[in-house]
Amino acid sequence: MTRRRRSIIRRSGEDSDPMSVVSNLFDVAMVFAVALMVALVSRYNMTEMFSQEDFTMVKNPGKDNMEIITKEGDKINRYTPSADQNQSGNKGKRVGIAYELENGDIIYVPE
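All figures in this text were calculated on a predicted structure; none of them were measured in a lab. (Residues numbered from 1 in each chain as written. Predicted model: local features only at pLDDT ≥ 70, side-chain atom pairs only at ≥ 80, totals over all residues. Heavy atoms only, no water.)

J.: Where do I start with helix α2 (residues 19-43) in this structure?
T.: Because an α-helix completes one turn every 3.6 residues, residues spaced three or four positions apart along the sequence face the same direction. The end-to-end C-alpha distance of α2, which contains 25 residues, comes to 36 Å, matching closely the 36 Å that a straight helix rising 1.5 Å per residue would cover. Downstream of α2 by one or two residues, asparagine 45 has phi in the positive range, about 50 degrees. (Helix = DSSP H or I, 4+ residues; strand = E, 2+ residues; numbered from the N terminus. Expected span 1.5 Å × (residues − 1).)

Structural data, given as structure tokens:
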């Protein structure tokens, strides 16, 4: 009779499936990864990347590692001025003169 009670107790408990632990760990890892991505996007103010509007963002302005990131529709362009200038080897040319007036307006005069 004691054997019968023990087998009934074992059957009524949950199955001891070792793979159930792995699936639970996977769920926890996925939740952590999504939370980390949301935190990084909000920390670096990159929410514009997910909007439908076009935008231009300057990263590290005035430094050697400056980057200009533009979004036009679904296309994201990344421009690094120092790297692109060194690769092309071309130099710019003067196309006009800009004057700043006393009231702060800027006038461009093409040549």
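Structure's up, so let's keep going.
J.: Got a minute to help me understand the environment of methionine 46 in this structure?
T.: Among the structural elements, methionine 46 can be located in the loop between α2 and β1 (55-59). When residues no more than four places from it in sequence are discounted, the contact partners of methionine 46 are Val41 and Met57. (Contact = heavy atoms within 4.5 Å.)

J.: Is there a simple way to think about the side chain of threonine 70 in this case?
T.: Mapped onto the elements of the fold, threonine 70 is located in strand β2 (residues 67-72). Judged by relative accessible area, which is 16%, threonine 70 ranks as buried. Look past the residues within four positions of threonine 70 in its chain and what remains in contact with it is Phe55, Thr56, Lys75, Ile76 and Asn77. (Buried < 20%, exposed > 50% of the residue type's maximum accessible area, 1.4 Å probe, protein only.)

Without other data, these values stay purely geometric and don't point to any function.
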